[in-house]
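Given next are the chains, with one letter for each unit.
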Amino acid sequence: MTSRRTAIWSLGTLLLGASVLAGHAVAADNDYEARVARVLAETPLIDGHNDLPWELRARYHGSVAAVDLNVDQSHTPGPDGAGPLMTDLARMRAGRMGAQFWSVWVPVDLKGPDAVQATFEQIDLVKRMAARYSTVLEMAYTAADIRRIHHAGRVASLIGVEGGHQIDNSLAMLRQMYDAGARYMTLTHSSNTAWADSATDNPAHHGLTPFGVQVVAEMNRLGMMVDLSHVSEETMRAVLANTAAPVFYSHSSARALADHPRNVPDDVLRLVAANGGVVMVNFFPAYVSDAYNHWSADRAAEQTRYNSPPLMGLYIGQPERAKAALEAWDKAHPKPVVTLAAVADHIDHIRQVAGVDHVGLGSDFDGIPEGPVGLDGVDKYPALLIELMRRGWSDADIGKLAGGNALRVLAATEKVAAKLRETHSASEATVDAPAHP
C-alpha cells in the first residue's frame, strides 16, 4: 500500500513537474524580446542597404566629423530643413545590428569619369566613417569577417555599389571597386545603362546586352554579389539565366502585394529560390503599400499640375498659390498610413512563394523620405522580428531572415569566385566588343 501511494505520488510529481516545465516553456516562447536577443546573439542582423553615406555627402559635404553619430539623431533636423537621419550608432546598438551594407550610390546624372570618381569618394567616406567610430564599426569583406566582427560585439561595415552607371562601362573599374571593398553592385539604378535595363526606364535592351552578360560573369569571377534591385523584370530573368552564383536583391519587396516595378513578381521569386538567392525586403511605404504608391503618384501629378517649370502649370510663377493649392489637396487626400505590419506581410509572402531561405532585410534607410509607422529607423528591427514571432515564426527561421540567408549568399558567391578564378582570368571585354577573348 505504501509503495503504491509512493508510486502514485511520484507519478503526480512528475506530471506536475512536466506541467510546470511546460508552463515555463510557454512563457519563454512568449518572451519575444528575449527570443530576439538570443537569435541576434548567434546570428548577425544584416541590413542589405542603407544610404547614410550619401546623406553625409549631401548634408555635410562628406565630412564624417560634422555630425556625431554616437548620439541619437532621431530628433535632430538636418541642414536646410532636411528631416532627421534614420541612422546613427546609438540606434544601431538598440536595433541589435550585426552588419550593414552601406550604399555608395551616386546620381545617374553623374556620367563617365565623374561617376567613377564620386563612387571612390563614397567608398573612402565609408572607410573614414568606420575608422572614426572604430569601437562600433569595422570594415568587412567576407562572410567570415561578418561573423568574426559580430562575435567581437561590433557592427560589420560592407560596401555596395548602387548602379552600373558607376563603372562607366569598364570592367577594369568594376575590378578596382571590388579591390576597394565593394561586395555587391546593383546593375542599374533609376535609368538604363548601356548594357542593362532599369525597372523605372523604358526598355532599351530587353534585359542584358552581350556586354551585360560579361559584367555578370566578371562579378561572379570576382566574388561580387549581383544585385537585382532596380533592374527590370527582363533583366532579372536574363541574370538568373546567366549567373553562376546566387543573386542578391539588396532592397526590394513583393510585387504581388505592391504593384511597383521595383518589386519582385512571384514567378521571379520562384526562380530566385531555384538559384539560391535572397530578396532583402525594402521598407519604403511606396514599395510596401499599393494605396501609398497610388497616393504618391497622384500627389506628384497634382504638384506638376500647379507648378511645372519652366512654362507649364496652373500657378507657374506664383509659388504661394501653388503651395496653398497643394496644401488644400493634401488636406482632402490624407496620406495612407503604412505600418510595420505591412512590411511583415511582404516578408511572409516571399517566404510563402520562395521559401524561408530566400528572404532578408534591406531597409533603404536614409535613402527614403520616411519609413512605415513603427519602422522608421535602425533601432526598430527587433520590433519587426517580434511581429513575425507573433505570427508563428520560429527562432531558427528568424535567424535565417535576420542574417543567415544573406551570409549564405555571400559565402556561396565567394565559393563560386574561388572556383572560377582557377580557370578564368580577368575579362577584357568592352561595351563595344563584349566577346573579346
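Structure shown above.
Residues numbered from 1 in each chain as written. Predicted model: local features only at pLDDT ≥ 70, side-chain atom pairs only at ≥ 80, totals over all residues. Heavy atoms only, no water.

Visitor: Tell me about the overall build of the protein, residues and numbers included.
Guide: When helices and strands are tallied, the protein shows 16 helices and 9 strands. In terms of overall size, the protein behaves like a compact globule, its C-alpha atoms giving a radius of gyration of 24 Å where 437 residues would be expected to give roughly 22 Å. A buried classification covers 53% of the 437 residues belonging to the protein. By sequence separation, contacts in the protein at least 24 residues apart represent 71% of the contacts at least 6 residues apart. As displayed, the protein has an accessible area near 18800 Å², and 55% of this comes from carbon and sulfur atoms. (Helix = DSSP H or I, 4+ residues; strand = E, 2+ residues; numbered from the N terminus. Rg over C-alpha atoms; globule rule 2.2 N^0.38 Å. Buried < 20%, exposed > 50% of the residue type's maximum accessible area, 1.4 Å probe, protein only. Contact = heavy atoms within 4.5 Å. Areas by Shrake-Rupley, 256 points an atom, 1.4 Å probe, with all protein chains shown as cover.)

Visitor: How would you explain the pattern of salt bridges if you had to name every residue and give the values?
Guide: Under the defined criterion, the tally for this structure stands at 25 salt bridges. The salt bridge partner of Asp-330 is Arg-299, with a shortest N-O separation of 2.8 Å. You can see Asp-330 sitting in helix H13 (residues 319–332) and its partner Arg-299 sitting in helix H12 (residues 290–306), a full 31 residues away along the chain. On the accessibility criterion, Arg-299 (23% relative accessible area) is partly exposed. Residue Lys-400 is joined to Asp-357 by a salt bridge in which the shortest nitrogen-to-oxygen separation is 2.9 Å. Of the two residues, Lys-400 is situated in helix H16 (residues 395–423) and Asp-357 in the loop between helix H14 (340–354) and strand S9 (359–361); the sequence distance between them amounts to 43 residues. (Salt bridge = Lys/Arg side-chain N within 4 Å of Asp/Glu carboxyl O.)

Visitor: I'd love a proper account of the pairing of strand S5 (residues 182–186), names of residues and values included.
Guide: Successive residues of a regular strand alternate their side chains across the two faces of the sheet. The buried fraction of S5 is high, at 5 of 5 residues. In this sheet, S5 lies alongside strand S4 (residues 155–162) in parallel orientation, the contact comprising 4 bridges. Counterpart to Val-161 in the pairing with S5 is Met-185. With 3 bridges joining them, S5 and strand S6 (residues 225–227) adopt parallel strand pairing. The residue of S6 that forms the bridge with Tyr-184 is Met-225. (Pairing = 2+ DSSP bridges.)

Visitor: An account of the packing of helix H3 (residues 52–60) against helix H5 (residues 112–132) is needed here, citing residue identities and associated values.
Guide: What describes two packed helices is the angle between their axes and the distance between those same axes. Running from N to C, H3 and H5 point in directions that differ by 105°, and their axes come no closer than 10 Å. The orientation of H3 with respect to H5, classified from their angle, is roughly perpendicular. From H3, Leu-52, Pro-53, Trp-54, Leu-56 and Arg-57 reach across to H5, where they touch Ala-118, Glu-121, Gln-122, Leu-125, Val-126 and Met-129. Tallied by class, residues from the contact of H3 with H5 come to 8 nonpolar, 1 polar and 2 charged. (Axes fitted to C-alpha atoms, helices over the stretch in contact; angles between N-to-C directions. Parallel < 35°, antiparallel > 145°, perpendicular 65-115°, else oblique. Nonpolar A, V, L, I, M, F, W, Y, C, P; charged D, E, K, R; others polar.)

Visitor: Can you tell me about the nonpolar core, naming the residues and giving the values?
Guide: Ranked by internal contacts, the top residues of the largest apolar core, which has 105 residues, are Met-129, Met-185, Leu-187, Leu-228, Tyr-249, Ile-347 and Leu-384. For this core, the element with the most residues is H14, which contributes 8 residues. Beyond its immediate stretch of four places on either side in the chain, Leu-384 contacts Phe-283, Leu-340, Val-343, Ala-344, Ile-347, Leu-361 and Leu-375. Core analysis: the next-biggest nonpolar cluster, separate from the first, contains 18 residues, Ile-146, Leu-158, Met-280 and Leu-410 among them. (Core = buried A, V, L, I, M, F, W, Y, C linked by side-chain atoms within 4.5 Å.)

Visitor: Explain the packing of aromatic side chains residue by residue, including any values.
Guide: Counting across every chain of the model gives 13 aromatic pairs. Relative to Tyr-184, the ring of Phe-101 has its centre 5.3 Å away and its plane inclined at 40°; by these criteria the two rings are tilted. Here Phe-101 is found in strand S2 (residues 97–103), whereas its partner Tyr-184 is found in strand S5, with 83 residues between them in sequence. When sorted by exposure, Phe-101 lands in the same class as Tyr-184, which is buried. Geometrically, the ring pair formed by Phe-284 and Tyr-287 is edge-to-face, given 5.0 Å between the ring centres and 85° between the ring planes. With respect to class, Phe-284 is no different from Tyr-287; both count as buried. Taken together, the ring pairs in this structure connect Phe-284, Tyr-287, Tyr-292, Trp-295 and Trp-329 into an aromatic cluster. Just above the ring of Tyr-178 sits the side chain of Arg-183; from NZ or CZ to the centre is 3.8 Å. Its guanidinium or amino end placed over the ring of Trp-393, Arg-351 lies 4.5 Å from that ring's centre, counting from NZ or CZ. (Phe/Tyr/Trp six-rings, centres within 6.5 Å; stacked < 30°, edge-to-face > 60°. Lys NZ or Arg CZ within 6 Å of the ring centre and 35° of its normal.)

Visitor: Tell me about the environment of Val-416, and name the residues and values.
Guide: Structurally, Val-416 can be placed in helix H16. What makes Val-416 buried here is its relative accessible area of 18%. Residues Val-416 and Ala-34 lie 382 residues apart in sequence; the distance between their C-alpha atoms is 37 Å. Those residues in contact with Val-416 that sit more than four places away from it in its chain are Asn-220, Ala-244 and Ala-245.

Visitor: Give me the lowdown on the side chain of Thr-209, citing residues and values where you can.
Guide: With respect to the helices and strands, the residue Thr-209 is situated in the loop between S5 and helix H8 (210–222). With relative accessibility at 15%, the residue Thr-209 sits in the buried group. Look past the residues within four positions of Thr-209 in its chain and what remains in contact with it is Ala-194 and Trp-195.

Visitor: Provide a residue-level description of unusual backbone geometry, including the pertinent values.
Guide: The phi angle at Asp-364 is positive, at roughly 70°, despite the residue not being glycine. Position of Asp-364 among the secondary structure elements: in the loop between S9 and helix H15 (381–390).

Visitor: Account for the packing of helix H7 (residues 171–179) against H8, with residues named and values stated.
Guide: Two elements in contact, H7 and H8, have axes whose closest approach is 11 Å; the angle formed by their N-to-C orientations is 25°. Of the possible angle classes, the one that applies to H7 and H8 is roughly parallel. Every pair of crossing elements has a handedness; the one defined by H7 and H8 is right-handed. Residues Leu-171, Leu-174, Arg-175 and Tyr-178 of H7 form the contact with H8, whose participating residues are Phe-211, Val-215, Glu-218, Met-219, Arg-221 and Leu-222. (Left-handed = near helix turned anticlockwise from the far one by under 90°.)

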